[in-house]
Amino acid sequence: MASIVQRGNRYNVVYLYDAEDGKRKQKWESFKTLAEAKRRKSEVEYRQQIGSMVVPTCKTLEDLLKEYVALYGKNTWSISMYSSTIALIENYITPFIGSMKLSDITARVLEKYYMQLMTTPAARKATDKKYAKKRDYVTAGTVKRIHNVLRSAFHQAVKWELMEKNPAIYATVPKPEVHKRDIWDAETLFRALEVCEDDRLKLSINLAFACSMRIGEILGLTWDCIDITPESIKAGKAFVYINKELQRVDKSALDALEKKDVLRVFPDMKENNKTVLILKKPKTTSSIRKVFLPRTVAEMLVKWKLNQDFTKESVGKEYIDYNLVVANSLGTPIEHSRITSLFKELIETHDLPKIVFHSLRHSSITYKLKLNGGDIKSVQGDSGHAVASMVTDQYSHILDDDRKSNAARLEEAFYSGKDLNLDVQRNTPDAESADPSDASDAPGINQELLLKILANPEMANLLTALAKSLK
């Protein structure tokens, strides 16, 4: 067994191990946080359990990655993260540099390896056509993910005293192209809802937009996590509680992680499937949240529930009740692929701007920021992001309507009354000390709007500069 001993502001994991000379020794490992110490304690106890509590002596990168997955990955990663990381290791790391000694891996070696990957055909996906001639190459985004895996693995190696420093820290990584995700404006969104004939898709679109929900959260939503009572709707307190998501995962990853964070495994439709549908906890605690419903969406859910209850009575025992809100006609889960397929069909049939379903969540967050005047924290509460910067960095799209309005306001408040406005500025010795009330009787100017603009020091300075340029 291992123990955690706190000394000052450090947390030490203390355990006994068998050294290479056969002697029993005690080891102290120091960590900055209690979470890191607990994770290391789990690693140590795991190795003690399997009877090989020896300080790792990995020589090659392949040896390190095996230790890394067994000791770090299984205790830290989600099922989907485990699957994707294993795929990166097996397809792109081990075949290329897995046999290299840890002592030979430098930042220069990694940079050459990354450049080699950029000219390497990408591994085939399960969704690729079997005999497709066109092969894509490894992208800069994939290289970046590989780099992150190596950096994390080398970090663990330094902690285990297998390496003196982490070479990935100093390696330059190809920069992936950043593609801005297109979103729908309100007019397009409501046009789509108007022409949508599939009730499941229409409900999913409304939940994505009104509640800033991910598709997995929508398909994993259950009735016990919704309050749509008449009293709640009348008081404006109707809500959905998001605490799980539907996901299709690899069976081998599910077994390797011993169904970690899994709430339900749905029956497999085919015995030879390598994947299975599960209901699981969200990947982060911040994703667990309550989101209040607009009245229209709450009433839509009330009608949906009545129709679903009627279907249950009509079908009888054939209905498999998993208590899912968005379900098939017999109660079984609806897959992500089905919703995305219906959404794509809706776009193509009605010639709507091409976006992906997840873009509706972006639209939701963008419009919430617009409507609440940029209250990032309240939007973050709805979106479930761990940090507020995720809201602004990824989702605060600047809509053209806003920019047009900015130009129109400036035209109306300044240029339409140019001569008089210049007089106001000239007679003001200091823009920051200007008294907006001096312009209250000026003809031809929107007084209320001008007062707001002049009250803003930055805007007053801007107008002063413009006035000088027009002299």
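Look a little higher up for the structure.
Everything numeric here is computed off the predicted structure, so don't read it as measured data. Starting afresh in each chain, residues are numbered from 1 along the sequence in its written order. At least 70 in pLDDT is required for a residue's local features to be given in this predicted model, at least 80 for side-chain atom pairs to be given and counted, and no such filter applies to totals for whole chains, interfaces and linings, which use all residues. Each side-chain value is derived from all of the structure's non-hydrogen atoms; neither hydrogens nor water enter the calculation.

Here we come to the overall build of the chain. Starting at the N terminus, helices and strands are each numbered in turn, a helix being any DSSP run of H or I of at least four residues and a strand any DSSP run of E of at least two. If you tally the helices and strands in the chain, you get 19 helices and 9 strands. When burial is assessed residue by residue, the chain has 42% of its 471 residues classed as buried. For the chain, restricting intrachain contacts to residue pairs at least 6 apart in sequence, the fraction spanning at least 24 positions comes to 64%. For the chain, the accessible surface area stands at approximately 27200 Å², while carbon and sulfur atoms represent 51% of it. For every residue, the accessible area (1.4 Å probe, protein chains only) is compared with the maximum for its type, and the residue is labelled buried under 20%, exposed over 50%, or partly exposed between those bounds. Contacts between residues were defined by any pair of non-hydrogen atoms, one from each residue, lying within 4.5 Å. Surface accessibility follows the Shrake-Rupley procedure with a 1.4 Å probe radius. Residue values consider only the protein chains on display as shielding.

A few words on the pattern of salt bridges. Any carboxyl oxygen of Asp or Glu within 4 Å of a side-chain nitrogen of Lys or Arg constitutes a salt bridge here. Under the defined criterion, the tally for this structure stands at 12 salt bridges. The residue R40 makes a salt bridge to E29 at a minimum N-O spacing of 2.7 Å. In this pair, R40 sits in helix α1 (residues 34–49) while E29 sits in strand β3 (residues 24–31), placing the two residues 11 residues apart along the sequence. Overall, R40 belongs to the buried group, its relative accessible area being 3%.

Bringing the packing of aromatic side chains into the picture now. Only rings of Phe, Tyr and Trp enter the pairing, Trp through its six-membered ring, and a pair is recorded when the two centres are within 6.5 Å. The plane angle decides the type: under 30 degrees is stacked, over 60 is edge-to-face, the rest tilted. By the definition in use, this model includes 11 aromatic pairs. Note on Y72 and W77: the rings are 6.4 Å apart at their centroids and 80° apart in plane angle, and the pair reads as edge-to-face. W77 gets classed as buried once you look at its relative accessible area, which sits at 6%. Taken together, a centroid distance of 4.9 Å and an interplanar angle of 90° make the contact between F266 and Y322 edge-to-face.

A word on the sheet that holds β3. A pair of strands counts as paired when DSSP detects no fewer than two bridges linking them. Strand order in the open sheet made by the 3 strands is β1-β2-β3, with antiparallel pairing throughout. Every interior strand has two partners, whereas the edge strands, β1 (3–7) and β3, have only one. Taking each pair of neighbouring strands and ignoring which way they run, the sheet shows an average axis angle of 30°. Direction of pairing for strand β2 (residues 10–18) relative to β3: antiparallel, over a ladder of 8 bridges. Its bridge partner lying in β3, Y11 is registered against F31. To get an axis, fit a line to the C-alpha atoms, keeping to the stretch in contact for a helix; angles then go from 0 to 180 degrees between the N-to-C directions.

Quick look at the pairing of β1 now. Pairing of β1 with β2 involves 5 bridges; the strand directions are antiparallel. Paired with S3 across the two strands is V14, which belongs to β2. Here β1 folds back onto β2 in antiparallel fashion, the turn holding 2 residues, of which G8 has a positive phi close to 65°.

So, about unusual backbone geometry. One non-glycine residue, E161, lies in positive phi territory at about 65°. With respect to the helices, strands and loops of the structure, E161 is situated in the loop between α5 (140–159) and α6 (186–195). One non-glycine residue, E258, lies in positive phi territory at about 55°.

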